[in-house]
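Inside the fold
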Amino acid sequence: MTMEATFNIEAYSLGPLQTNCYLLTVTDGEQERGIIIDPGMYAGRLAERLKSVKLEAILLTHAHFDHMGGVDDVRKLSDAPVYIHDLEADWLTDPRKNGSMRWQDVTPPLSTDPAEYALDEGQTLDFIGHSFQVMHTPGHSPGSVSFLCGQHLFSGDVLFRQSVGRTDLPGGKERDLYDSISLKLYKLPADTIVYPGHGGRTTIGYEMANNPYTA
């Protein structure tokens, strides 16, 4: 059994691609502290909620436009630093790399200021009184990462409920994706709860038994 992490998890489905943004919070006395994972497009929906939260960090699982489109909105509200894997650091500032230039029927070209901090395999990040393990899980994109805290895994666009991330976008590699899932994510305890970048949550055990792409 994994150790239960004690924080509140709020999920927001943002933008035309219905990207999951996660707000994790704890309350110390009267102060609510939090982190955000993947503030997707049109993050203005979060503005009112974030007024009562002292945000400690903005964590990005990867830099596709639908996951990073709201970064600047959240920065302006909170001054929280941004964390992303070095392999996609320049995607934040380049609409061609983050995909927003390609999908102009969905979004105008998007760019943000550079991230303050780089992520890499095996790092441990301490926020809101908890430790988050960084797992480099490439395949959907070269700098994709997943964040593990206790029994909670935030998998970005690597693993979904009964599906996996696409690998046909620039930098995607099918072999890397399946290695990330089978050699890293599927090594986690079966009761690990998976919070993906799109769709509903699942568990590692359920996906090992039921995901048709990894059977």
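These notes cover the structure that comes with them. Numbering of residues begins from 1 in every chain and follows the order in which that chain's sequence is written. Predicted model: local features are reported for residues with pLDDT of at least 70 only, side-chain atom pairs are reported and counted for 80 or more only, and whole-chain, interface and lining totals are derived from all residues. The basis for the side-chain values is all heavy atoms of the structure; hydrogens and waters are excluded.

Quick notes on the overall build of the protein chain
Think of it this way: any DSSP run of H or I at least four residues long counts as a helix, any run of E at least two long counts as a strand, and we number them from the N terminus. Secondary structure summary: the protein chain contains six helices and 14 strands in total. Its C-alpha radius of gyration of 16 Å places the protein chain within 12% of the 17 Å reference for a compact globule of 215 residues. In terms of overall dimensions, the protein chain has a C-alpha envelope of 45 × 45 × 25 Å along the principal axes. In the protein chain, which comprises 215 residues, the proportion classed as buried is 53%. Here a residue-residue contact requires only that any non-hydrogen atoms of the pair lie within 4.5 Å. Taking contacts inside the protein chain between residues at least 6 apart in sequence as the whole, the part at least 24 apart equals 59%. Note on areas: these come from Shrake-Rupley sampling with a 1.4 Å probe, and a residue is covered only by the protein chains present in the view. Taken as a whole, the protein chain presents about 9,500 Å² of accessible surface, with 50% of it coming from carbon and sulfur. Only four residue types enter the tally: Lys and Arg on the positive side, Asp and Glu on the negative side, with His and both chain ends excluded. Lysine's charge is taken at NZ, arginine's at CZ, aspartate's at CG and glutamate's at CD. Distance between charge centroids for the protein chain: 3 Å, based on 17 positive and 29 negative side chains. Each radius of gyration is computed over the set of C-alpha atoms, and the globule rule expresses the reference value as 2.2 Å times the number of residues to the power 0.38. A simple rule labels every residue: compare its accessible area, found with a 1.4 Å probe on the protein chains alone, to the largest value its type can have, and call it buried under 20%, exposed over 50%, or partly exposed in between.

Things to note about unusual backbone geometry
The backbone of aspartate 38 sits at a positive phi, close to 60°, despite the residue not being glycine. Residue position: aspartate 38 is located in the loop between strand 3 (31-37) and helix 1 (47-50).

Digging into the sheet that holds strand 10 (residues 152-156)
With mixed pairing, six strands are arranged side by side in an open sheet as 7-8-9-10-13-14. Edge positions in the sheet fall to strand 7 (124-127) and strand 14 (202-203), since each has one partner strand and no second. Strands are treated as partners if at least two bridges between them are detected by DSSP. Pairing between strand 9 (residues 145-149) and strand 10: three bridges, direction antiparallel. Counterpart to phenylalanine 147 in the pairing with strand 10 is phenylalanine 154.

Observations regarding the side chain of threonine 25
Relative to the assigned elements, threonine 25 resides in strand 2 (residues 19-28). Among the polar contacts made by the side chain of threonine 25, one reaches the side chain of glutamate 32 at a distance of 3.4 Å. Any pair of N or O atoms that falls within 3.5 Å is considered a polar contact. Within protein, one atom must be able to donate a hydrogen and the other to accept it, and sequence-neighbouring residues count only if both atoms are side-chain atoms.

Digging into the nonpolar core
What we call a nonpolar core is a set of buried Ala, Val, Leu, Ile, Met, Phe, Trp, Tyr and Cys residues that are connected through their side-chain atoms within 4.5 Å. Ranked by internal contacts, the top residues of the largest apolar core, which has 23 residues, are Ile36, Leu46, Leu50, Leu55, Ile58, Leu60 and Leu92. At the level of elements, strand 1 (8-14), strand 2, strand 4 (53-59), helix 2 (65-68), helix 3 (71-78) and strand 5 (82-85) are the ones that each hand at least two residues to this core. Among the elements that line this core, the one with the most residues is strand 4, at three residues. Non-local contacts of leucine 46, meaning those with residues more than four positions away in its chain, are made with Tyr12, Leu14, Cys21 and Ile36. Counting 21 residues, the second largest nonpolar core, distinct from the first, contains Tyr22, Leu125, Val145 and Phe154.

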